[in-house]
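Commentary on secondary and tertiary structure
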Amino acid sequence: MSRWVVTETYGHLVNKGVLDARTGSATRVAASAGGAVPGAVAAPSAEPRSRPDRPPGAGGAPERVPRRATHDLAPGVPDLRHVPREAWLRAARDALAAATNEDLGGQPAGGHPAAREAVAAHLRRARMTAGPDRAVLLTRSATDGMSRIAAALADAGHTHLLVEDPSWAPLRDVAAAAGLVPVPVPVDDGGISTDRLRTEAARTGARAVLLTPAHQFPLGAALSDDRRAAVLAWVREVDGLVIEDDYDAEFRYDRRPVPALQGLDEERVVLLGATSKTLSPAFGIGWMVVPERWRAAVLGVSVRRGPTPGPATLDQLTLARFVADGAYARHLRAARARYARRRSALLAALDDQLPGARVGGIAAGMHVTVDLAGLDLPGVDPRGIDAAAVAREGAARDVALVDLRRYQAAPSARSTVLVIGYGNLADARLEEAVRSLRAAAEAAAR
């Protein structure tokens, strides 16, 4: 038996809480394991269990990071097995060695100039953005960037924000927290409905809209060319602002990625991006490309948030080196090829195990939608299937599944659509994961 198999087995048992591994000590059976069966693990969405021999927080015991499901079909998570650890460490060492005393002495509100320059160069090359280096402001995440833009809009007198429905809820939430009322606008296979956008804008007075034009989350559409033109025509008419969440934009498998909307009107579009989907959420680095007329207002929001509003300066300098040395581009190329292969394998497995289910979304990103309404399995009546029940049955089988209703502004009474992620799905477990999904659907139908 190879050492890799042993190492993976030990890691699996540590993650399940059966073993306790500490640096400088032997690996032991965990005190909290008791008589637990290794397979009896709480669902990923459940609260972490406290150790039974002490109350929560007693003795300064640290909380464990919630364990992800063995079969991770939740959307929005990249492949954590392929985070470029060594390349990032090299960039960090080089960046720290080259950092000046001035670099280590403070943090500009917009981010370190070297990092802003590196991100701007990457975006111009990969996303065909427009504008100078100073248009790029560094943030902790796309959500952080959204919160700053929303605060600047509220300061300028905006009261409403048009949002796609369904869409990523945290961005709607931070807009609401800033004082903007989210106004849902329906999405179809061509992206946001521009007719409804105009109707809702006229009804509410909204002059700003939040979009995911490259790869809509969660339905997976790309904003069609005519609707891209219609959105830009509208925003110019109302002297408004488009907030472009560049969700999954780096990952397109059937053609070159769609250029950013920002490149078509740098004075009317803010572009939000981050490393959370390309590297990992743990890096905590994002960016936004902000029009000249909004830059001072957004920087003012950043200054109000304290002396270090963005990522740590050393992390910014590491990112600058990581991008400038070509390591980021190489990682993206490898990830794009890996996700394309995995998506093809997933579609084949879904076709085999879930005949009649409709898979939606363009060949991009790290997720698809699966509508179980037409499912054709022996003894299964698809009229009785509810996506929430399937997700619960999946959790019982250590499979992470998400009901589309999680992303709807006003969740419908019933849903047959699951949002299936394959970013963090182990290739060796893909077919087993889909078989478990089928078992969950059959159990839910019963």
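None of the values given here were measured: they were computed from a predicted structure.

This part covers the sheet that holds strand β8 (residues 208–211). Each strand in a sheet pairs with another by means of backbone hydrogen bonds, the pair being arranged parallel or else antiparallel. Taken in spatial order, the eight strands line up as β4-β11-β10-β9-β8-β5-β6-β7 in an open sheet, and their pairing is mixed. At either end of the open sheet lies a strand with only one pairing partner, and these are β4 (136–139) and β7 (191–192). Sheet analysis places β8 next to strand β9 (residues 241–245), joined by four bridges and oriented parallel. For Leu 211, the partnering residue across the bridge sits in β9 and is Glu 244.

Before going further, it helps to examine unusual backbone geometry. In this structure, the amide linkage connecting Asp 165 to the following residue, Pro 166, adopts the cis form with an omega of 5°. Cis geometry is found at the peptide bond from Phe 217 to Pro 218, where omega equals 10°. Inspection of the secondary structure assignment puts Pro 218 in the loop between β8 and α7 (225–237). Although it is not a glycine, Asp 239 sits at a positive phi angle of roughly 55°. Considering the arrangement of structural elements, one finds Asp 239 in the loop between α7 and β9. Even without being glycine, Asp 248 reaches a positive phi, approximately 60°. On the secondary structure map, Asp 248 appears in the loop between β9 and β10 (269–274).

The next thing to look at is the pairing of strand β13 (residues 367–371). Most of β13 sits inside the fold, with four of its five residues counted as buried. Note that strand β12 (residues 358–360) and β13 share three bridges and pair antiparallel. Bridging from a neighbouring strand, Gly 360 pairs with Thr 369 of β13. If you look at the hairpin formed by β12 and β13, you'll find six residues sitting between the two strands, and Gly 361 has a positive phi there, around 110°. The sheet contact formed by β13 and strand β16 (residues 417–421) spans five bridges and is antiparallel. Along β16, the bridge assignment pairs Asp 371 with Val 417.

On the basis of which strands lie adjacent, the open sheet formed by four strands has the order β12-β13-β16-β15 and antiparallel pairing. Edge positions in the sheet fall to β12 and β15 (402–403), since each of these pairs with one other strand and no more. Sitting on the sheet, helix α10 (residues 327–353) is in contact with β12, β13 and β16, with an inclination near 10° to β13.

About the cut-offs
Residues take numbers from 1 onward in each chain, read along the sequence in its written order. The predicted origin of the model limits local features to residues at a pLDDT of at least 70 and limits the giving and counting of side-chain atom pairs to 80 or more, whereas totals for whole chains, interfaces and linings rest on all residues. Each side-chain value is worked out from all heavy atoms of the structure, with water and hydrogens disregarded. We treat two strands as partners when DSSP finds at least two bridges between them. To qualify as a helix, a DSSP run of H or I must reach at least 4 residues; to qualify as a strand, a run of E must reach at least 2; elements of each kind are numbered from the N terminus. Only protein chains enter the accessibility calculation, which uses a 1.4 Å probe. A residue is then buried if its area is under 20% of the maximum for its type, exposed if over 50%, and partly exposed in between. We call two residues in contact whenever any of their non-hydrogen atoms come within 4.5 Å of each other. To get an axis, fit a line to the C-alpha atoms, keeping to the stretch in contact for a helix; angles then go from 0 to 180 degrees between the N-to-C directions.

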